Amino acid sequence: MDYFKYKDNQLFCENVPVAQIAQQIGTPVYIYSTATFQSHYKKLVEAFAELEPLICYSVKGCSNINICRLLAELGSGFDIVSGGELYRVLQAGGQADKVVYAGVGKTDEEIRQAIEAGIACFNIESESELENLILLASQSDRRVQAALRVNPDVDPKTHRYTTTGKKESKFGVNLERALKVFEEFGHDDHIKLNGIHLHIGSPVNTVEPYIQAIKKALVFIDELRDKGFTIETLNVGGGFGADYTTGEAPIAADYAAAIIPLLRDKGLRLILEPGRSISGNAGILVTKVLYMKQGGDKTFAIVDGAMNDLIRPALYEAFHFIWPVQVADGFAVENRSNTIEIPGTQKMDVVGPVCETSDFLAQDRLLPPLQRGDLLSIFTAGAYGFAMSSQYNSRPRAAEILVEGDSFRVIRRRECYEDLISIEK
Ligand SMILES: *Cc1c(COP(=O)(O)O)cnc(C)c1O
């Protein structure tokens, strides 16, 4: 799962005690494990080896340039959703010809930059975006390839805010309309529309929605090929799960076992866009208890990390396992569970200093007795953690630390007060 483990009652990231990092760097702090990123990426490569897919790490979940560089060094491509992400990837040494670009609202400027960079594929989300891409491609002599994002109308059984492949979603086009798009634009001179793109939601913790979506896509691809269109790629998107609780997500080999048989001998290049499954378990957020407080029957642990640092609990009611960095005897845990039953634990809410009722990191959570100064680790915070952080309440963003073996380094310094106002005029 990852390289965050308790040894002698204290939490380590690889070989570095988490408390040591917190002491030197302060809190709140994001801590990432190099080995976890590497092993998750390699497991995907191995699991899908038979199909030799293009694996495009989805940048938006964890986008620090050092993380992009780590993935580029492993040979990964990149799934981007903005010009800013393209910039990051190129600065990190990523190869443009392994970049795929999705998003419903690409601006002319972003599209031109991506054409000039020579990206592998635009994932097109609407007819009018495609018309615009054709116009902009006609003004360049670059070869432009595109895939049409289709909505297979399957339910990924995840949170409604992270469901993206149903009919009524803003992403992609319906299968019925998709055929018309090919009929109108499938033989264009300026762009090569030769792929189908799916991204059904996230996290998708069962393989069935992928099977359903791919089967529907294959029927559509057969129909397109019968009509004389050339379809070379099938991009099945991202959404593979991460272990918020131990063993919650299928492993790479499970997804591969479901997907590979469907695509064998189909003459399609497979593209994958994993984000969370690579970065989720590779990061934790460490925060310090500022105060303990009683409110009616409730106990609150007020910590120095907040919704501006990690918004997932407030935004999606997401569960993150939380546990002290240093524990008393009997409190070391191996499994991360949402029904932990250890004698001596006590129910509490873990909340931040931000002035919002939704500023919580956990509610009614059983935790060991806590006191002022204790460090807590919020696990599986590598994806959509720092990347979604803000300065709300004029809180400088947390530092990001990358651990490798016995050592660690700051890959983004903690913001300071000057950073809050330095670009205000
Ligand atoms: C966000 C996103 C992904 C990655 O999703 P994960 O759940 O992080 O794997 C992949 N493809 C597209 C188009 C996305 O928008």
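Residues numbered from 1 in each chain as written. Predicted model: local features only at pLDDT ≥ 70, side-chain atom pairs only at ≥ 80, totals over all residues. Heavy atoms only, no water.

Enquirer: Which parts of the structure should I look at to understand the environment of Gln91?
Expert: Examined against the element boundaries, Gln91 turns out to sit in helix 4 (residues 83-91). On the accessibility criterion, Gln91 (46% relative accessible area) is partly exposed. In this structure, the C-alpha to C-alpha distance between Gln91 and Arg69, residues 22 residues apart in sequence, is 8.5 Å. Setting aside anything within four residues of it in sequence, one finds Gln91 in contact with Ile65 and Arg69. (Helix = DSSP H or I, 4+ residues; strand = E, 2+ residues; numbered from the N terminus. Buried < 20%, exposed > 50% of the residue type's maximum accessible area, 1.4 Å probe, protein only. Contact = heavy atoms within 4.5 Å.)

Enquirer: Help me understand the packing of aromatic side chains in this model?
Expert: For any two aromatic rings, the description comes down to two numbers: the centre-to-centre distance and the angle of the planes. Per the stated rule, a full pass over the model turns up 13 aromatic pairs. Ring geometry for Phe48 and Phe240: centres 6.2 Å apart, planes at 10°, overall stacked. With Phe48 in the loop between helix 2 (34-47) and strand 5 (54-58) and Phe240 in the loop between strand 12 (233-235) and helix 9 (252-263), the pair connects residues that are 192 residues apart, well separated along the chain. On the numbers, 4.0 Å between centres and 10° between planes, the contact of Phe240 with Tyr255 is stacked. With a gap of 15 residues between them, Phe240 in the loop between strand 12 and helix 9 and Tyr255 in helix 9 connect regions that are remote in the sequence. Classification of Phe240 as buried rests on a relative accessible area of 3%. According to the relative accessible area criterion, Tyr255 is buried, its value standing at 1%. By way of ring pairs, the aromatic residues Tyr30, Tyr32, Phe37 and Phe386 are connected into one cluster. In this structure, Lys7 is placed above the aromatic ring of Phe12, and the distance from its NZ or CZ to the ring centre is 4.4 Å. (Phe/Tyr/Trp six-rings, centres within 6.5 Å; stacked < 30°, edge-to-face > 60°. Lys NZ or Arg CZ within 6 Å of the ring centre and 35° of its normal.)

Enquirer: Can you help me understand a negative patch on the surface in this one?
Expert: Taken together, Glu183, Asp222, Glu223 and Asp226 make up a surface patch of like negative charges. Position of Glu223 among the secondary structure elements: in helix 8 (residues 208-226). Judged by relative accessible area, which is 32%, Glu223 ranks as partly exposed. (Patch = residues over 30% accessible without salt bridge, like charges linked within 9 Å, V, L, I, M, F, W, Y side chains within 5 Å. Areas by Shrake-Rupley, 256 points an atom, 1.4 Å probe, with all protein chains shown as cover. Salt bridge = Lys/Arg side-chain N within 4 Å of Asp/Glu carboxyl O. Lys, Arg positive; Asp, Glu negative; His and termini not counted. Charge placed at Lys NZ, Arg CZ, Asp CG, Glu CD.)

Enquirer: Where do I start with the confidence of the model for the protein in this structure?
Expert: Scored by pLDDT, the protein has a mean of 96; 98% of the residues are at 70 or more. When mean pLDDT is taken per element in the protein, strand 4 (residues 29-33) scores highest with 99 and strand 10 (residues 173-174) scores lowest with 92. (pLDDT = per-residue confidence, 0-100.)

Enquirer: Is there a simple way to explain the site of the ligand in this structure?
Expert: Looking at the ligand, there are 15 residues lining it, with Lys60, Ser202, Glu273, Arg276 and Tyr384 nearest. Between the ligand and Gly239, the relevant distance is 2.8 Å, taken from an oxygen atom to a main-chain nitrogen or oxygen of the residue. A distance of 2.7 Å is found between an oxygen atom of the ligand and a backbone nitrogen or oxygen belonging to Arg276. A class-by-class count of the residues in the shell around the ligand yields three nonpolar, seven polar and five charged. (Near = heavy atom within 4 Å. Polar contact = N/O pair within 3.5 Å; in protein donor to acceptor, adjacent residues only side chain to side chain. Nonpolar A, V, L, I, M, F, W, Y, C, P; charged D, E, K, R; others polar.)

Enquirer: Help me understand the pairing of strand 15 (residues 298-303) in this model?
Expert: Within a regular strand, side chains alternate between the sheet's two faces. Bridge count between strand 14 (residues 283-295) and strand 15: six bridges; the pairing is antiparallel. By the bridge assignment, Val289 is partnered in strand 15 with Val303. In terms of strand pairing, strand 15 meets strand 17 (residues 346-351) through three bridges, oriented parallel. Within strand 17, the position partnered with Ile302 by the bridge is Val351. (Pairing = 2+ DSSP bridges.)

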